[in-house]
Amino acid sequence: MNTLVEGDLESIDQVIGFTRGLSEQNYQYLARPYIGSSIGQHLRHALDMYKALRKALETSVVDYNLRRRGDPVEVDRNLALAELGETQGWLLNITPIIQGQAVIVKTETTLSHRKIESYQSSFGRELGFVTSHLIHHFAIMVSIARIAGEQVDPEMGLAPATVNYVRSLAVQN
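**Q** So what about the pattern of salt bridges? Which residues, and what values?
**A** Within this structure, the stated rule accounts for nine salt bridges. Residue Arg-114 pairs with Glu-108 through a salt bridge whose shortest N-O separation is 3.4 Å. Note on Arg-114: relative accessible area 60%, which makes it exposed. Overlapping salt bridges bring together Arg-44, Asp-48, Arg-68, Asp-71, Glu-74 and Glu-83 as one network.

In structure tokens:
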């Protein structure tokens, strides 16, 4: 297994463990006025990014504009866990050949009006982006959980570079 997929699977394992530890109530908790969306909404968004990437294997187009806002996965922790498991299974089939596959990426770029840009990329580059995006949203989910009173491991939601930096500091001391 290559390191890109390995890292992705590690991140998803963290999200699964975190999500399993939540109550359904805290999965849906809105930490207003600080954060206006729930853990479930952030997780649905991250899963949508993986779905866009999965679809690209059929179409060679990654359309990050496809979103399932209001989907039951936002309020049903077990549905989210099932989708995370499916995503793990899918990732295990990603090969270096697939990572090198060319794709076209479509994404909205402006706030003031609808403007969709398309650009060339590779499947592997987009997989790295989606993993980074998951970690970013995981950090927000961890913050929501803490506001809701959950005890969360301090390493949850940290990027690999941050974890490795903290580890290097511990070795130095």
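From this point, the discussion proceeds with the structure in view.
**Q** Tell me about the pairing of strand β2 (residues 102-108), and name the residues and values.
**A** Alignment of strand β1 (residues 61-63) against β2, held across three bridges, turns out to be parallel. What sits directly across from Val-62, in β2, is Val-105. Where β2 meets strand β3 (residues 116-122), seven bridges bridge the pair, whose relative direction is antiparallel. The residue of β3 that forms the bridge with Thr-107 is Glu-117.

**Q** Account for the side chain of His-42, naming residues and giving values.
**A** As for its position among the elements, His-42 is in helix α3 (residues 39-59). In this structure, His-42 is in contact with Ile-35, Ser-37, His-137, Ile-140, Met-141 and Ile-144, ignoring residues within four places of it in sequence.

**Q** I'd like to hear about the layout of surface pockets, residue by residue, with values.
**A** Of the pockets and cavities examined, the largest pocket occupies roughly 260 Å³. Surrounding the largest pocket, 15 residues form its lining, Glu-10, Ser-11, Leu-158, Ala-159 and Pro-160 being those nearest its centre. At the level of elements, α1 (3-20), α6 (123-147) and α7 (160-172) are the ones that each hand at least two residues to the lining of the largest pocket. Class assignment for the residues of the lining of the largest pocket results in five nonpolar, seven polar and three charged.

**Q** How would you summarise empty space enclosed by the protein if you had to cite specific residues and measurements?
**A** Scanning all chains against the criterion turns up one cavity of 30 Å³ or more. Here the largest cavity defines a volume of roughly 50 Å³. Counting residues per element, the ones that place at least two in the lining of the largest cavity are α3 and α4 (77-91). Residue classes in the lining of the largest cavity are distributed as two nonpolar, one polar and four charged.

**Q** Outline a nonpolar patch on the surface, listing residues and values.
**A** Taken together, Tyr-165, Val-166 and Leu-169 make up a surface patch of nonpolar side chains, about 270 Å² in accessible area. The topology assignment puts Val-166 in helix α7.

Here is what the cut-offs are and how they apply
- In every chain, residue numbers begin from 1 and rise along the written sequence.
- Whole-chain, interface and lining totals are the exception, using all residues; otherwise, since this is a predicted model, local features are given only for residues with pLDDT of at least 70 and side-chain atom pairs are given and counted only at 80 or more.
- Only hydrogens and water are removed before side-chain values are computed, so all heavy atoms of the structure are retained for them.
- Throughout this description, the term salt bridge denotes a Lys or Arg side-chain nitrogen within 4 Å of a carboxyl oxygen of Asp or Glu.
- In this scheme, a residue with accessible area under 20% of its type's maximum is buried, one over 50% is exposed, and one in between is partly exposed, where area comes from a 1.4 Å probe on protein chains only.
- DSSP bridges decide pairing: two strands pair if at least two such bridges lie between them.
- Only runs of H or I of at least four residues qualify as helices and only runs of E of at least two qualify as strands under DSSP, and these elements are numbered from the N terminus.
- Throughout, a residue-residue contact means that at least one pair of heavy atoms, one from each residue, lies within 4.5 Å.
- Note on definitions: the grid is 1 Å and covers protein atoms alone; a cavity is a set of points where a 1.4 Å probe fits but cannot get out; a pocket is an open set with protein on both sides within 12 Å along at least five of seven lines; lining residues have an atom within 4 Å of a point.
- Grid points are joined across faces, edges and corners, and a volume is the space filled by probe spheres set on the points.
- When residue character is reported, Ala, Val, Leu, Ile, Met, Phe, Trp, Tyr, Cys and Pro are called nonpolar, Asp, Glu, Lys and Arg charged, and the others, Gly included, polar.
- For patch building, the residue pool is restricted to those with more than 30% relative accessible area and no salt bridge; the joining distance is 9 Å between like charges and 5 Å between nonpolar side chains (Val, Leu, Ile, Met, Phe, Trp, Tyr).
- Using a 1.4 Å probe, the Shrake-Rupley method yields the accessible areas, and only the shown protein chains count as cover for residues.

In short, the description is geometric, and any link to function would need to be established separately.
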